[in-house]
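Examining the three-dimensional arrangement
What follows is each chain in one-letter form.
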Amino acid sequence: MEKFKRDQAGYILESPTKYQYIIQNNEITNSSRYNFEQAFTRTYEIQEFEKLGIPSGQVTHLITPNIESTTKILGKDSASNYTYLP
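To keep things clear, this report deals only with the structure shown in the data block. (Residues numbered from 1 in each chain as written. Predicted model: local features only at pLDDT ≥ 70, side-chain atom pairs only at ≥ 80, totals over all residues. Heavy atoms only, no water.)

1. Describing the overall build of the protein chain
Helix and strand content of the protein chain: two helices and two strands. Ordered by position from N to C terminus, the α and β elements of the protein chain give β-β-α-α. A total of 86 residues make up the protein chain; the buried ones form 9% of that total. A sequence separation of at least 24 residues applies to 12% of the contacts in the protein chain between residues at least 6 apart. Looking at the protein chain as shown, the accessible area adds up to about 8000 Å², and 53% of this sits on carbon and sulfur atoms. (Helix = DSSP H or I, 4+ residues; strand = E, 2+ residues; numbered from the N terminus. Buried < 20%, exposed > 50% of the residue type's maximum accessible area, 1.4 Å probe, protein only. Contact = heavy atoms within 4.5 Å. Areas by Shrake-Rupley, 256 points an atom, 1.4 Å probe, with all protein chains shown as cover.)

Right, here's the structure in full:
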């Protein structure tokens, strides 16, 4: 097998709903798997709706609604201590 560089990763698609994620070093801040899974899921949804004769655009707002939120901090904001600004 060819050697992976530090951040290289790959995916093996086994079925429309199953995959393997191959990575050399799994970093805590690596979001590529999450991004891939979102795209993989969306592709599956579109294909399945098309099989049923339903344009996916008609149901997207039901599957992924736009959720709004606000945060009111009543005490300490410890989470901001972990924010990295280059």
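2. Remarks on the pattern of salt bridges
Under the counting rule described, the total for this entry stands at three salt bridges. A salt bridge links E48 to K51; its shortest N-O distance comes to 3.0 Å. Note that E48 and K51 are positioned in helix α1 (residues 32-51) at a spacing of three residues, about one turn of the helix. Using a relative accessible area of 26% as the deciding quantity, one classes E48 as partly exposed. (Salt bridge = Lys/Arg side-chain N within 4 Å of Asp/Glu carboxyl O.)

3. Some remarks on α1
With 20 residues, α1 ought to run about 28 Å at 1.5 Å a step, and its terminal C-alpha atoms sit 29 Å apart, in line with that. Inspection of α1 places F36, F40, E45 and F49 among the buried residues, and these make up the whole buried set. Buried residues in α1 make contact with β1 (9-15), β2 (18-23) and α2 (60-63). Two residues or fewer past α1, G53 is found with a positive phi of approximately 80 degrees. (Expected span 1.5 Å × (residues − 1).)

4. Brief notes about the side chain of S56
Examined against the element boundaries, S56 turns out to sit in the loop between α1 and α2. Owing to a relative accessible area of 15%, S56 belongs among the buried residues under this scheme. Excluding residues within four positions of it along the chain, S56 makes contact with R42, I46 and F49.

5. Considering the packing of aromatic side chains
Scanning all chains against the criterion turns up six aromatic pairs. When the centroid spacing of 5.5 Å and the interplanar angle of 80 degrees are considered together, the rings of Y19 and F40 count as edge-to-face. Linking Y19 in strand β2 with F40 in helix α1, this pair joins segments that are 21 residues apart in sequence. On the basis of relative accessible area, Y19 is assigned to the buried category, the value being 15%. Relative to F40, the ring of F36 has its centre 5.4 Å away and its plane inclined at 20 degrees; by these criteria the two rings are stacked. Residue F36 and its partner F40 are both found in helix α1; the two are separated by four residues, about one turn of the helix. In this pair, the class of F36 matches that of F40, namely buried. Members of the aromatic cluster, joined through ring pairs, are Y11, Y19, Y21, F36 and F40. (Phe/Tyr/Trp six-rings, centres within 6.5 Å; stacked < 30°, edge-to-face > 60°.)

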